[in-house]
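# Architecture at a glance
Each chain, written out:
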Amino acid sequence: MTPPAQHPGTQPSEAAAPADLNALDDKVWSRGVRRGDDGVVSADGIPVTRIAEEYGTPAYVMDEADFRARCRAWKDAFGPGADVYYAGKAFLSRALVRWLTEEGLHLDVCSAGELATALSGGMPPERIGYHGNNKTSDEIDRAVHAGVGRIVVDSFQEIARVAHAAHRRGVRQKVQIRVTVGVEAHTHEFIATAHEDQKFGFSLAGGQAAEAARRILGLDSLELTGVHSHIGSQIFDMAGFEVSARRVVELLAGIRDEHGVELPEIDLGGGLGIAYTPADDPREPQEVAKRLAEIVTHECENAALATPRISVEPGRAIVGPTTFTLYEVGTVKPLEGLRTYVSVDGGMSDNIRTALYDAEYSVSLVSRRSDAEPMLVRVVGKHCESGDIVVRDAYLPGDLAAGDLIAVPATGAYCRSLASNYNHALKPPVLAVRDGEARVIVRRETEEDLFRLDVG
Ligand SMILES: Cc1ncc(COP(=O)(O)O)c(C=O)c1O
Ligand SMILES: N[C@@H](CCCC[NH3+])C(=O)O
């Protein structure tokens, strides 16, 4: 390995510098991304320099064909006997809801705002599932009134609220029980959701899940269709899903034994990891579908249960890889004996994941080719926090300068949806590229948008 040349004053990292900084690893970049002969990177045929000129930076650039292809890959992998609910929390807009609807997916929402976006974007209500650990009575009433296909109940209070709303509206609402299966998912603590000590779901081990089934089955206004388990997010190891599937089937068997009812559905949640750097090794939808179907079928045979209809809720795995964030470099600051800080025109307001979860990202110079020696950098934002880091450790060419465009791939999930107005930053637009054309699907915020809320 050739040791990286250092920008004045930087120290080499333990990680090797990539052999060719101009190469774009298709593990992390959306499918339509290429570097042209002139050195400029384009997204589905549109040079990033043109995108920056026309739409400004920072901007999220999303590849629509890639998004649709990933929807189809998940749907085809699970086949007609299963349903794929895209998890809207990863990123949601009305255009995206239209694509999902056209591709035949279902949609998981977890707030009134997400429900409103889903309905306004044209998702048929029966294809919507409603989640959340503290849905308000108003939210529940709206969901019941809209006719959502299912509400995933998360507490005893909520069972009563949904039953009340359904009774008042004169309907029988389909519900699933969110179960905490007690699996320790191998991911960041903040995004693991199936160990016992956390806020989501009814505990399986503690008997609350079985009690939830008892209560729901005793209420005329509710129809219990199945049980639900989501073990966490950004997971690569299928073992947790396998344990979860087994425990969920055991619960179905327990409900059958106690009540004589075989519930027709199970949902195994989302959580499949994606490649943020070339070191990540995600599972393909085909593999996920096959493993889950095998386990569920096997466990059901053992328990003498008919195999239920499976559903899953991938968010990140569908939208994450479809998008990159385009930034302009503002300053390049070598720190003697430490590293070089590269400041961009966004930061933790458009990508909080590095600050929140120590997430790793990769980054490339995209407005030109450079054969300068690699320099170890930290890409940071423009906010008043020293934790305002976009990419903690990466290599960029040693001749990087103000005005260059750099891009961070795999920012489609939990970046725009977690964006903030910290320091009164204006949230960047989301541009959809398709067939050589870019269009704005979420516009850039303006100062007028900020003032509109400020009534003093
Ligand atoms: C209930 C539920 N379903 C689905 C998801 C989507 O997860 P991911 O984006 O990791 O696939 C989440 C978020 O972790 C969730 O809480
Ligand atoms: N926001 C988290 C994922 C949370 C998933 C929601 N249950 C992330 O960026 O990784």
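Everything numeric here is computed off the predicted structure, so don't read it as measured data. (Residues numbered from 1 in each chain as written. Chains lettered and ligands numbered in written order. Predicted model: local features only at pLDDT ≥ 70, side-chain atom pairs only at ≥ 80, totals over all residues. Heavy atoms only, no water.)

## A closer look at the overall build of the protein
As a reminder of what qualifies: Working definition: helices are DSSP H or I runs of at least four residues, strands are E runs of at least two. Numbering for both runs from the N terminus. The atom set for the radius of gyration is the C-alpha atoms, and the globule formula is 2.2 Å times the number of residues raised to the power 0.38. A 1.4 Å probe rolled over the protein chains alone gives each residue an accessible area, and that area as a share of the maximum for its type sets the label: buried under 20%, exposed over 50%, partly exposed in between. Should any heavy atoms of two residues lie within 4.5 Å, those residues are counted as being in contact. For the accessible areas, the method is Shrake-Rupley and the probe is 1.4 Å, while residue cover comes only from the protein chains on display. Here Asp and Glu are counted as negative and Lys and Arg as positive; His is not counted, and neither are the chain ends. Every charge is mapped to an atom, namely NZ of Lys, CZ of Arg, CG of Asp or CD of Glu.
Of regular secondary structure, the protein possesses twelve helices and 21 strands. Computed over the C-alpha atoms, the radius of gyration of the protein is 24 Å, within 12% of the 23 Å expected from 2.2 N^0.38 for a compact globule of 456 residues. Among the 456 residues that make up the protein, the fraction classed as buried is 56%. When contacts within the protein are restricted to residue pairs at least 6 apart in sequence, long-range pairs at least 24 apart make up 71% of them. Summing over all exposed atoms, the protein offers an accessible surface of approximately 19200 Å²; the carbon and sulfur share of this is 48%. Charge centroids of the protein, computed over 48 positive and 67 negative side chains, lie 4 Å from each other.

## Things to note about the UniProt feature "binding site: pyridoxal 5'-phosphate" (unreviewed entry) in the protein
Quick note on the threshold: UniProt positions are given in the numbering used here, feature names are shortened, and annotations may be inferred rather than shown by experiment. Every definition here rests on a 1 Å grid over the protein atoms only: cavities are sets of points where a 1.4 Å probe fits but cannot get out, pockets are open sets enclosed by protein on both sides within 12 Å along at least five of seven lines, and lining residues have some atom within 4 Å of a point. Counted as a polar contact is a pair of N or O atoms within 3.5 Å, where, for protein atoms, one must be capable of donating a hydrogen and the other of accepting one, and residues adjacent in sequence contribute only when both atoms are in side chains.
Here the UniProt-annotated "binding site: pyridoxal 5'-phosphate" (unreviewed entry) positions come out as Gly271, Glu313, Pro314, Gly315, Arg316 and Tyr414. Annotated residues from the preceding list that form part of the lining of the largest cavity: these are Pro314. Relative to the helices and strands, Gly271 is located in the loop between β12 (265-267) and α9 (285-302). Along the chain, Glu313 falls in the loop between β13 (309-312) and α10 (316-319). For Glu313, the residues in contact, after removing those within four places along its chain, are Tyr85, Ala87, Asp108, His131, Arg150, His228, Asp267, Gly269 and Gly270. At 2.8 Å, the side chain of Glu313 forms a polar contact with the side chain of His131.

## Observations concerning the environment of Ser364
Considering the arrangement of structural elements, one finds Ser364 in strand β16 (residues 364-365). A relative accessible area of 8% places Ser364 in the buried class. Each C-alpha atom, one on Ser364 and one on Asp237, is 28 Å from the other, the two residues being 127 residues apart in sequence. Aside from chain neighbours lying at most four places away, what touches Ser364 is Leu24, Trp29, Leu396, Leu405, Ile406 and Ala407.

## A look at the site of ligand 1
Heads up, the rule is: Nearness here has a simple test: a residue counts as near a molecule or strand if at least one of its heavy atoms is within 4 Å of that partner. Residue classes follow a fixed rule: Ala, Val, Leu, Ile, Met, Phe, Trp, Tyr, Cys and Pro count as nonpolar, while Asp, Glu, Lys and Arg count as charged, and any other residue, Gly among them, counts as polar.
Residues in contact with ligand 1 amount to 14 residues; listed here are only the nearest, His230, Ser233, Gly271, Glu313 and Tyr414. Contact distances for ligand 1 include 2.7 Å between an oxygen atom and a side-chain N or O atom of His230. Burial of ligand 1 by the surrounding chains reaches 92%, relative to a free accessible area of 390 Å². Of the residues that constitute the shell around ligand 1, the class distribution is three nonpolar, six polar and five charged.

## Looking at empty space enclosed by the protein
Put simply, the test is: Grid points are joined across faces, edges and corners, and a volume is the space filled by probe spheres set on the points.
A full pass over the atoms with the stated rule returns two cavities of 30 Å³ or more. One number sums up the size of the largest cavity: a volume of about 40 Å³. Around the largest cavity, the lining residues are Trp74, Phe241, Gly269, Gly270, Leu272, Val288, Leu292, Val312 and Pro314. Considered as a void within the structure, the second largest cavity measures approximately 30 Å³ in volume.

## Details of the sheet that holds strand β2 (residues 41-43)
What counts, and what does not: Whether two strands pair comes down to DSSP finding at least two bridges between them.
If you trace the three strands from one edge of the open sheet to the other, you get β1-β2-β3, paired in antiparallel fashion. Because the sheet does not close on itself, it has two edges, and the strands there are β1 (33-35) and β3 (46-47). With two bridges joining them, β2 and β3 adopt antiparallel strand pairing. Within the sheet, the bridge partner assigned to Ala43 lies in β3 and is Ile46.

## Notes on the environment of Lys290
By the secondary structure assignment, Lys290 is in helix α9. Residues Lys290 and Phe78 lie 212 residues apart in sequence; the distance between their C-alpha atoms is 7.8 Å.

## Remarks on the packing of aromatic side chains
Counted only if it meets this: Ring pairs are drawn from Phe, Tyr and Trp, using the six-membered ring of Trp, whenever the two centres fall within 6.5 Å, and their geometry is named by plane angle: stacked under 30 degrees, edge-to-face over 60, tilted for the rest.
Inspection of every chain in the model, using the stated rule, returns six aromatic pairs. Between Trp74 and Phe78, the aromatic rings sit 6.0 Å apart at their centres with planes inclined by 10 degrees, giving stacked as the arrangement. With Trp74 and Phe78 both in helix α2 (residues 64-78), this residue pair falls four residues apart, about one helical turn. Exposure class is identical for Trp74 and Phe78. Each is buried.

## Digging into the pattern of salt bridges
The following threshold applies: By convention in these notes, a salt bridge is any Lys or Arg side-chain nitrogen within 4 Å of a carboxyl oxygen on Asp or Glu.
Inspection of every chain in the model, using the stated rule, returns 33 salt bridges. The closest approach of N and O atoms between Glu287 and Arg283, which form a salt bridge, is 3.1 Å. Among the ionic pairs, Asp393 bridges to Arg378, the shortest N-O distance being 3.8 Å. Residue Asp393 is found in strand β18 (residues 389-397), and its partner Arg378 is found in strand β17 (residues 374-380); the two are separated by 15 residues along the sequence.

## Considerations on the pairing of strand β6 (residues 106-109)
This is how it is decided: Think of it like this: strands point away, you trace from the first strand over the helix to the second, and a clockwise trace means the crossover is right-handed.
Because side chains alternate across β6, one face comprises the buried residues His106 and Asp108, and the other comprises Leu107 and Val109, equally buried. In this structure, strand β5 (residues 82-87) lies alongside β6, joined through three bridges in parallel fashion. Each residue of the ladder has a partner; that of Tyr85, found in β6, is His106. After leaving β5, the chain enters helix α3 (residues 94-102) and then returns to the sheet as β6, a path that is right-handed. Looking at chain direction, β6 and strand β7 (residues 128-130) are connected through three bridges and run parallel. Of the residues in β7, the one forming a bridge with Asp108 is Gly129. In this view, the connection linking β6 to its parallel neighbour β7 by way of helix α4 (residues 112-120) has right-handed handedness.

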